[in-house]
Amino acid sequence: DQQVKQNSPSLSVQEGRISILNCDYTNSMFDYFLWYKKYPAEGPTFLISISSIKDKNEDGRFTVFLNKSAKHLSLHIVPSQPGDSAVYFCAALLRGGYNKLIFGAGTRLAVHP
Amino acid sequence: SQTIHQWPATLVQPVGSPLSLECTVEGTSNPNLYWYRQAAGRGLQLLFYSVGIGQISSEVPQNLSASRPQDRQFILSSKKLLLSDSGFYLCAWTNGGYGYTFGSGTRLTVV
């Protein structure tokens, strides 16, 4: 049962344009969401996060939007740069005895000149 | 500052051979430790987590096991590897916060 879904396995964007990566979740218990960026043969690195009490969080070129009623979040990258080419993972936090991150399958972003 | 080390970076093992991957964390104490696997074309799947020495929880039934012999050491093992064990294995830690810090990963190919 995939609780966090990234339905687009890949995305190609021209340099300077906006990249929009989407993520859907099914579990209403999730109250914190994170985006990670991963280059080949490396571990994922934290990019940006958002609490469920907010609908937007911005950090430089990166903005995450959360629509709780639709159980949907998106990551916007503006302007996109070739160095942004990587796999982006959406993750949702499930609280319990420990903080467990549930990851989506990832979206491979290619930014071309 | 905290750092996480994971080795080896790549590994090619024959089917039926044993496996031992090691992960250590520096600069912190009593971290929560995790093993994830990224199979080809798939997302990050949580395999094991540990909240303390000797405390291991498994998320999915599989051919692998984990151990935590020391506070900042986490080991992933198998007695006999299967082809389906191939993948990219990632160790991660957190001090109870929301974000995980990942190691650089081990690419395991079972042949």
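Residues numbered from 1 in each chain as written. Chains lettered and ligands numbered in written order. Predicted model: local features only at pLDDT ≥ 70, side-chain atom pairs only at ≥ 80, totals over all residues. Heavy atoms only, no water.

**Student:** For the nonpolar core, give the residues involved together with the corresponding values.
**Tutor:** In this structure, Phe33, Trp35, Leu73, Leu75 and Tyr88 of chain A are the most contacted members of the largest nonpolar core, which totals 24 residues. Ranked by residues supplied to this core, first place goes to strand β9 (residues 86-94) of chain A with four residues. Beyond its immediate sequence surroundings of up to four residues, Leu75 of chain A is in contact with Ser19, Ile20, Leu21, Trp35, Leu47, Ile48, Phe62, Thr63 and Tyr88 of chain A. In this structure, Tyr98 of chain A together with Leu46, Tyr49 and Leu90 of chain B belong to the second largest nonpolar core, which totals 20 residues. (Core = buried A, V, L, I, M, F, W, Y, C linked by side-chain atoms within 4.5 Å. Buried < 20%, exposed > 50% of the residue type's maximum accessible area, 1.4 Å probe, protein only. Helix = DSSP H or I, 4+ residues; strand = E, 2+ residues; numbered from the N terminus. Contact = heavy atoms within 4.5 Å.)

**Student:** How would you explain the state of the cysteines if you had to name every residue and give the values?
**Tutor:** As enumerated under the stated definition, the model contains two disulfides over all chains in all. Covalent S-S linkage joins Cys23 of chain A and Cys90 of chain A, the inter-sulfur distance amounting to 2.0 Å. Here the disulfide of Cys23 of chain A and Cys90 of chain A is left-handed, its torsion about the S-S bond being about -75 degrees. Of this pair, Cys23 of chain A sits in strand β3 (residues 19-25) while Cys90 of chain A sits in strand β9, placing them 67 residues apart in sequence. Considered together, Cys23 of chain A and Cys90 of chain A belong to a single accessibility category, that of buried residues. Between the sulfur atoms of Cys23 of chain B and its disulfide partner Cys91 of chain B the distance amounts to 2.0 Å. Measuring handedness by torsion sign, the sulfur bridge of Cys23 of chain B and Cys91 of chain B sits at about -75 degrees and is left-handed. With Cys23 of chain B in strand β3 (residues 19-26) and Cys91 of chain B in strand β9 (residues 87-94), the pair connects residues that are 68 residues apart, well separated along the chain. (Disulfide = S-S within 2.5 Å.)

Function cannot be inferred from these measures alone, as they are strictly geometric.
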